[in-house]
Amino acid sequence: MLKTIEDCQSIVINGKDVGQIRIFKIRSKIDIYELEYTLDDEYQNKGIMSKELPKFMKKHKDKIMQAQILRDNIASQKVIKKAGFYFFETIENKKNQIIDIYMYGGARNKYFESVLEAFKTKLK
């Protein structure tokens, strides 16, 4: 599956780049975007991403997005839910890690459920 970057935002604190939020368009028959975010270890668990991610998502509120979160990353699961994502499915990746898939529907249109079903099929 080919992905191209759609948007990227740096998180800067006191002049230092400490993280990023990125979305990629997944090249497929349906328009789905993948969200990724990172934050330097020393800035984690301070509420920074919980504050920055919802702002970023406002720019992309009409997109259908997915995010993959490791099952044991509870902090990231809380962040993603606060940003408006909801749990969709659990999968096991090629590294035998348990991954929870979260979806963001933005302004859910009439095709949303069929798009999710098509996406679910692509994951398997």
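Preceding this section is the structure that the text describes.
To keep things clear, this report deals only with the structure shown in the data block.

About the thresholds
Every chain is numbered independently, its residues counted from 1 as its sequence is written. pLDDT decides what is reported in this predicted model: residues at 70 or higher carry local features, side-chain atom pairs at 80 or more are listed and counted, and totals for whole chains, interfaces and linings draw on all residues regardless. Side-chain calculation: all heavy atoms of the structure are included, whereas hydrogens and water are not. Each helix is a run of DSSP H or I of at least 4 residues and each strand a run of E of at least 2, with the numbering of both proceeding from the N terminus. Here's how the labels work: a residue is buried when its accessible area is under 20% of the maximum for its type, exposed when over 50%, partly exposed in between, all with a 1.4 Å probe on protein chains only. A 1.4 Å probe and the Shrake-Rupley method give the accessible areas. Residues count as covered only by the protein chains that appear here. All axes here are fitted lines through C-alpha atoms, helices being fitted over the stretch that makes contact, and every angle between N-to-C directions spans 0 to 180 degrees. Note: crossing handedness is left-handed where the near helix turns anticlockwise from the far helix by less than a right angle, and right-handed where it turns clockwise. In this analysis, two residues are considered to be in contact whenever any of their non-hydrogen atoms come within 4.5 Å of each other. All residues other than Ala, Val, Leu, Ile, Met, Phe, Trp, Tyr, Cys, Pro, Asp, Glu, Lys and Arg, Gly among them, are scored as polar; the first ten of these are nonpolar and the last four charged. Working definition of a nonpolar core: buried Ala, Val, Leu, Ile, Met, Phe, Trp, Tyr and Cys residues. They are joined through side-chain atoms within 4.5 Å.

1. A few points about the overall build of the protein
Logical step 1: For the protein, the helix and strand inventory stands at 3 helices and 6 strands.
Logical step 2: Each helix and strand of the protein, placed in order from N terminus to C terminus, yields the pattern β-β-β-α-β-α-β-β-α.
Logical step 3: A total of 124 residues make up the protein; the buried ones form 41% of that total.
Logical step 4: By element, 48% of the accessible surface of the protein is carried by carbon and sulfur atoms, the whole surface being about 7,700 Å².

2. A look at the packing of helix 1 (residues 48–58) against helix 2 (residues 74–82)
Logical step 1: Viewed as axis vectors pointing N to C, helix 1 and helix 2 meet at an angle of 30°, and their least axial separation amounts to 9 Å. Helix-helix and strand crossings are classified by hand; for helix 1 and helix 2 the assignment is right-handed. On helix 2, the residues touching Met49, Ser50, Leu53 and Pro54 of helix 1 are Val79, Ile80 and Lys82.
Logical step 2: Looking at the contact of helix 1 with helix 2, its residues break down into 5 nonpolar, 1 polar and 1 charged.

3. Looking at the side chain of Gln9
Logical step 1: Secondary-structure assignment places Gln9 in strand 1 (residues 3–13).
Logical step 2: Overall, the relative accessible area of 18% leaves Gln9 in the buried class.
Logical step 3: Not counting chain neighbours up to four residues away, the residues in contact with Gln9 comprise Gly19, Gln20, Ile21, Glu52, Phe56 and Lys59.

4. Remarks on the nonpolar core
Logical step 1: Membership of the largest hydrophobic core comes to 23 residues, with the highest contact counts inside it found for Leu35, Tyr37, Leu53, Met57 and Phe85.
Logical step 2: Those elements giving two or more residues to this core turn out to be strand 2 (16–26), strand 3 (32–39), helix 1, strand 4 (65–70), helix 2 and strand 6 (98–104).
Logical step 3: Among the elements that make up this core, the one with the highest residue count is helix 1 (5 residues).
Logical step 4: Once residues within four sequence positions are removed from consideration, Tyr37 is found in contact with Gln20, Ile21, Arg22, Met49, Leu53, Ile69, Ser76, Val79 and Ile80.
Logical step 5: Counting 7 residues, the second largest nonpolar core, distinct from the first, contains Ile32, Ile91, Ile101 and Met103.

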